[in-house]
Amino acid sequence: MSTSSPRVALLTLGCARNEVDSEELAGRLDTDDWQLVDDADNADVVVVNTCGFVEQAKQESIDTLLAAADSGAKVVAVGCLAQRYGKDLADSLPEADAVLSFDDYADISRRLESVLAGEVHPAHTPGDRRKLLPLSPAQRDANAVSLPGHGAAQASSPTDLPAGVAPASGPRVLRRRLGQGPFAPLKLASGCDRRCTFCAIPSFRGAFISRPAADVLSEAAWLTDQHVRELVLVSENSTSYGKDLGDPRLLEQLLGELAKVPGALRSRVSYLQPAEMRPSLVSTIATTPGIAPYFDLSFQHASPTVLRRMRRFGGTEPFLELLGSIRKLAPTAGARSNFIVGFPGETEADVAELERFLSEARLDAVGVFAYSDEDGTEAADFDDKIPAEEVAARYDRVSRLAEELTSVRAEERVGETVEVIIDQGEDDEVVQGYAAHQAPEVDGATIIDGGPDLEPGDVITATVVDSYGVDLIARYSRHVRSN
């Protein structure tokens, strides 16, 4: 690439879904002769892929945009915060030279060229993206809307792609990895059809759309050619995969095919809805070689009363039954979840029910969030709000319990033999990786004690000898595969 090419830095905030979106943008820009750089100080344009999930994430996105502006580069906001607030964000943040929507992604190169030229790109007025597609999943056309991370082919795609750019789906899809580690997210779908009263994500991410299985498998093969050893399947709701493609059990078939992709040690499914966990899916995840027996279950609470107000289903007993069915098939399976405390109308009895569930569930990782009103959600208009100081007290109380319980769960794993994909080698202070029950950078890690020199991407077995919080200490046993 010519040194005269414009330089762009991509800064990604939020979840793994955003990472995939950023890598698609990187692939498009690389193909159009942009020079990708690592930091804002060396860039002509800084693209910040923002998060708009909760207040803390929004503030981090704003702070990152402001810091990028201090570099002297042009600053462009994309991602969930930009999509969700559009013109309002542009008006309140003049430091950003442009606020782009998902609909701008396919033409990102020309958008950034116009920003460099000093042209003004009017920010969009946000709307409910669910209304862009029919209510019935069977009638949806994925080509009718912009789907970040699905990589809709450009009108004029090159015959020969640059090194490191993926022909992942459709006639020519672009993705360039922005990291070099042995783990990579792989997008299954976009959007969500659920109507949880606390969540605004469906309104700006849109209705649920699955990626065709052939696209997912093609991109998986490309990622393993890039030395990826674990594929982390992401979406807003993975359990709905295939319902718009005519087969609500398509995920089970896809997982079987992913397990056969040469070079991949394992695939991991994230974002599972308990209400949609059919027995065939439980069995596939728990027992298929090459699929991590790992269950990222979105429980959110355990009180049936609170769950109904959230417009969700379940409770302590059915959730424990689900976990029991999982462990009957895979006794060492990993399980994690997130929970909201302080939801409007939540009583002391509801909190006690949540604590009872946590005490019996034996989860490996628990995320606790303090409820806060989100723009455009039903819960924001509920009357029976919990005082902020009480929400904070409940958050502290449940968080402490969760920390204690996950530490105990880690202690229970002492003596287990685990298969670990190494993420950090001897050049770092410690050698660590992730076992099958640990999602990378989310659930804690496995620190390796002893053994030969290990490099990122090596796969080993080790025996758990101790734990520290949610982290495991394991003694090296043998190599399964070298990177």
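Okay, so let's go over this structure. (Residues numbered from 1 in each chain as written. Predicted model: local features only at pLDDT ≥ 70, side-chain atom pairs only at ≥ 80, totals over all residues. Heavy atoms only, no water.)

A few points about the pairing of strand S6 (residues 183-187)
At step 1: Of all five residues in S6, five are buried; the element is thus mostly enclosed.
At step 2: Residues Phe183, Pro185 and Lys187 line one face of S6 and the alternating positions Ala184 and Leu186 line the opposite face, and both faces are buried.
At step 3: Two elements, S6 and strand S9 (residues 230-234), share five bridges in a ladder whose sense is parallel. Of the residues in S9, the one forming a bridge with Pro185 is Val232. (Buried < 20%, exposed > 50% of the residue type's maximum accessible area, 1.4 Å probe, protein only. Helix = DSSP H or I, 4+ residues; strand = E, 2+ residues; numbered from the N terminus. Pairing = 2+ DSSP bridges.)

Notes on the sheet that holds strand S3 (residues 45-50)
At step 1: Ordered by their spatial adjacency, five strands build an open sheet running S2-S1-S3-S4-S5, and the pairing between neighbours is parallel. Where the open sheet ends on each side, the last strands, each with one partner, are strand S2 (35-37) and strand S5 (98-99).
At step 2: Sheet topology places strand S1 (residues 7-12) next to S2; three bridges connect them, and they run parallel. Bridge pairing in S2 links Val8 to Leu36.
At step 3: Packed onto the sheet, helix H1 (residues 16-31) meets S1, S2, S3 and strand S4 (74-78) and runs at close to 170 degrees relative to S1. (Contact = heavy atoms within 4.5 Å. Axes fitted to C-alpha atoms, helices over the stretch in contact; angles between N-to-C directions.)

Points about the sheet that holds S9
At step 1: Read across the open sheet, the three strands follow the order S6-S9-S10; overall the sheet is parallel. The open sheet terminates on both sides in strands that have one partner only, identified here as S6 and strand S10 (266-269). Averaged over neighbouring strand pairs, the angle between their axes works out to 25 degrees when direction is ignored.
At step 2: Pairing between S9 and S10: four bridges, direction parallel. Residue Leu231 lies in a different strand from S10, and its bridge partner there is Ser267.
At step 3: Where H1 meets the sheet, its contacts fall on S6 and S9, and the angle it forms with S6 comes to roughly 85 degrees.

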